[in-house]
There are 2 protein chains.
Amino acid sequence: MTTAARTPQQDRSRATRRRLLEAAVDCLAELGWAGSTVTVVAERAGVTRGAAQHHFPTREGLFTAAIEHVAAERLAAVRAGTGELPPPGPARTEAVVDLIVRLYTGPLFRAALHLWVAAATEQPLRERIIALENRVGRESHRAALASLGVAESAVGVRESVQATLDLARGLGLANLLTDDAARRAGVVRQWSRLLQAALDQASSDRATLDQASLGGRPVLD
Amino acid sequence: MTTAARTPQQDRSRATRRRLLEAAVDCLAELGWAGSTVTVVAERAGVTRGAAQHHFPTREGLFTAAIEHVAAERLAAVRAGTGELPPPGPARTEAVVDLIVRLYTGPLFRAALHLWVAAATEQPLRERIIALENRVGRESHRAALASLGVAESAVGVRESVQATLDLARGLGLANLLTDDAARRAGVVRQWSRLLQAALDQASSDRATLDQASLGGRPVLD
């Protein structure tokens, strides 16, 4: 009886946790760090303050877990959508750049931005956010490579993909106070062209290298 | 006698104003928006709180003026250094990208970032910062074009230069909590190569267009 009764309770607990995480991201995106207290989040999630504190004993823990949870969900959605993209080439590259930039101009980025900036001056947040930044950064880079359908072993690919994520972050920041969509569309198109040229160059370098190896000639002479 | 005595007083007033503006940027960069009060800035500038309020009646006015003042100084320094850059080509392009990225990874960017993020949730700041962002954005774009030695009338140049400023903003954000210099160097090199390719393409498109016009053939047929 005790074992049978446990599962729905665990389910309820997981659902509560999830509601808290999603409400935390919404609060941060709308109200910023100063306005986002555990009480405000609990209220928005329809949960008592006690229940919120049971799940997340510290404010820092709640908001860091919230960004990680929502980022993981978004990245999983990106990965799941990879099969529906056109084959590698200009159309796919532009679709992927556009997708990445969308991720960095939505509420998740806005929430993360508030948390990052708060972490610059609040020590209890700082270490947590540095660790989180490493994990999310690595996962985003992998998801971008997989979406573009490229391997990062070719010369310049790693840096070109990193630059794409840095550009997306900058575009996210430019969209903070005003709707920057019209300007951004032109930047996304132009960068997609330049990125495609870099990927083409990398794959042609690679083909030359493969041919040289197959022919038994030294790769560098 | 009254007229003669006035000039040193005006000089003192200007010097006080300048010290306040510089202290305001330092405070913002170090302490963030919540920690940057007029009292803290006045103390750091070695000025009484009353004198600070005489120059800047509102906290929002002080910090907005501070970012504008320091940004204008940095842009003037960039413009003054244009004559010492190599002629247009890969070396100049990389030097300019590096210079722009340096501007966005220093204390001025850090200070601006704190102010921008505060403006997202504080109405009295918001309007001021939107106007400031327009002015500084336009000036930065012009300075980047002049430094690269290119005209933005060629196809793709405007968007490539905008993308470079967006990239720099993203790299500035990536440098907020940890020293990102090593990774950034690779991104700057790769971006410079791709930007150069875009500028070369634009100038060759332009040459073809000019030739077509000189030959009396319709440009589009």
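Just so it is clear, the structure is predicted and the values come from calculations on it, not from any experiment.

(A) Structural context of the environment of A:A51. Residues and elements named next belong to chain A. Here A51 shows up in helix 3 (residues 49-55). What makes A51 partly exposed here is its relative accessible area of 25%. Put simply, A51 and A34 are 17 residues apart on the chain and 22 Å apart in space, counted from C-alpha to C-alpha.

(B) Layout of the packing of helix 4 (residues 59-81) of chain B against helix 7 (residues 123-148) of chain B. All names here are of chain B. Direction vectors running N to C along helix 4 and helix 7 enclose 0°, while the axes themselves pass 11 Å from each other. In this view, helix 4 runs roughly parallel relative to helix 7, as classed from their interaxial angle. Contacts between helix 4 and helix 7 involve E60, G61, T64, I67, E68, A71, L75, V78 and R79 from the former and P124, L125, R128, I129, L132, R135, V136, E139, S140, A143 and S147 from the latter. Residue composition of the contact of helix 4 with helix 7, by class: 10 nonpolar, four polar and six charged.

(C) How the structure looks around the relation of the copies chain A and chain B. Superposing chain A onto chain B takes a rotation of 180° plus a shift of 0.0 Å along the axis, which leaves an RMSD of 0.0 Å. In short, the pair behaves as if placed about a two-fold rotation axis.

(D) How the structure looks around the UniProt feature "domain: HTH tetR-type" (unreviewed entry) in chain A. As recorded in UniProt, the feature "domain: HTH tetR-type" (unreviewed entry) lies at residues 14-74 of chain A. In this annotation, residues 14-74 of chain A is assigned 87% helix and 0% strand; the end-to-end C-alpha distance for the span is 19 Å.

(E) Representation of the interface of chain A and chain B in the model. Each partner contributes to the interface: chain A provides 37 residues, whereas chain B provides 37 residues. At the boundary of chain A with chain B, total buried surface from both sides reaches about 3,200 Å², with 71% on carbon and sulfur atoms. At the boundary of chain A and chain B, one finds two salt bridges. Here A:D166 makes a salt bridge to B:R183, at a shortest N to O gap of 2.9 Å. Run the count over chain A and chain B and you get 10 residue pairs in polar contact (both at pLDDT 80 or more). Secondary-structure elements contributing two or more residues to the side of chain A that touches chain B are helix 1 (2-35), helix 6 (107-119), helix 7 (123-148), helix 8 (157-174) and helix 9 (181-214) of chain A. Broken down by element, the side of chain A that touches chain B gets its largest block of residues, 11 residues, from helix 8 of chain A.

(F) Representation of the nonpolar core in the model. In this structure, A:I67 and B:I67 are the most contacted members of the largest nonpolar core, which totals 130 residues. A per-element tally of this core places helix 6 (residues 107-121) of chain B first, with 11 residues. Excluding residues within four positions of it along the chain, B:I67 makes contact with B:V25, B:L28, B:L108, B:A111, B:A112, B:L115, B:W116 and B:L132.

(G) Spotlight on the pattern of salt bridges. One pass over the full model with this rule turns up 24 salt bridges over all chains. The salt bridge involving A:R79 is made with A:E139; its shortest N-O contact spans 2.8 Å. With A:R79 in helix 4 (residues 59-81) and A:E139 in helix 7, this residue pair connects regions lying 60 residues apart in the sequence. Assessed through its relative accessible area of 28%, A:E139 is described here as partly exposed. When the shortest N-O distance is used, the salt bridge between B:D180 and B:R183 registers 3.0 Å.

(H) Layout of helix 6 of chain B. Residue and element names in this part refer to chain B. With 15 residues, helix 6 should reach 21 Å at 1.5 Å per residue; the first-to-last C-alpha distance of 22 Å fits that figure. Counting buried positions along helix 6 gives 12 out of 15 residues, so the element sits mostly inside the fold. Listed in full, the buried residues belonging to helix 6 are L108, F109, A111, A112, L113, H114, L115, W116, V117, A118, A119 and A120.

(I) Structural context of the packing of helix 5 (residues 90-103) of chain A against helix 7 of chain A. Residue and element names in this part refer to chain A. In the contact formed by helix 5 and helix 7, the axes pass within 9 Å of each other and the chain directions differ by 155°. One finds that helix 5 runs roughly antiparallel with respect to helix 7. Of the two possible hands of crossing, helix 5 and helix 7 adopt the one that is right-handed. Where helix 5 approaches helix 7, its residues R92, T93, V96 and I100 are matched on the opposing element by A144, A146, S147 and L148. Of the residues that constitute the contact of helix 5 with helix 7, the class distribution is five nonpolar, two polar and one charged.

What counts, and where the lines are drawn
- Within every chain, residues take consecutive numbers counted from 1 along the sequence as written.
- Lettering of chains starts at A and numbering of ligands starts at 1, both following the order in which they are written.
- Per-residue local features of the predicted model are confined to residues with pLDDT of at least 70, and side-chain atom pairs are confined, for both listing and counting, to 80 or more; whole-chain, interface and lining totals are unaffected and use all residues.
- Hydrogen atoms and water are omitted, and side-chain values are computed over all heavy atoms in the structure.
- A helix here means a DSSP run of H or I that spans at least four residues, while a strand means a run of E at least two residues long, and both kinds are numbered starting from the N terminus.
- Buried, partly exposed and exposed residues are distinguished by accessible area as a fraction of the type maximum, computed with a 1.4 Å probe on protein chains only: under 20%, between the cut-offs, and over 50%, respectively.
- The axes used here are C-alpha line fits, helices contributing only the stretch in contact, and every angle between their N-to-C directions lies in the interval 0 to 180 degrees.
- Comment on the angle field: the value is read as roughly parallel under 35 degrees, roughly antiparallel over 145, roughly perpendicular from 65 to 115, and oblique elsewhere.
- Contacts are residue-level and defined by heavy atoms, with any inter-residue pair within 4.5 Å sufficient.
- Residue classes follow a fixed rule: Ala, Val, Leu, Ile, Met, Phe, Trp, Tyr, Cys and Pro count as nonpolar, while Asp, Glu, Lys and Arg count as charged, and any other residue, Gly among them, counts as polar.
- Least-squares fitting of one copy onto the other uses the C-alpha atoms of those residues that reach a pLDDT of at least 70 in both copies.
- UniProt positions are given in the numbering used here, feature names are shortened, and annotations may be inferred rather than shown by experiment.
- Once two parts are brought into contact, the accessible area they lose, counted with a 1.4 Å probe and summed over both, makes up the buried area.
- Only one rule defines a salt bridge in this text: a Lys or Arg side-chain nitrogen within 4 Å of an Asp or Glu carboxyl oxygen.
- Counting of polar contacts relies on pairs of N or O atoms within 3.5 Å, with two restrictions inside protein: one atom must be capable of donating a hydrogen and the other of accepting it, and residues adjacent in sequence are counted only when both atoms are side-chain atoms.
- What is meant by a nonpolar core is a set of buried Ala, Val, Leu, Ile, Met, Phe, Trp, Tyr and Cys residues, joined one to another through side-chain atoms within 4.5 Å.
- In this analysis, the expected span of each helix is defined as 1.5 Å times one less than the number of residues it contains.
- Crossings are sorted by hand: turned counterclockwise from the far helix by less than a right angle, the near helix makes the crossing left-handed, and turned clockwise it makes it right-handed.

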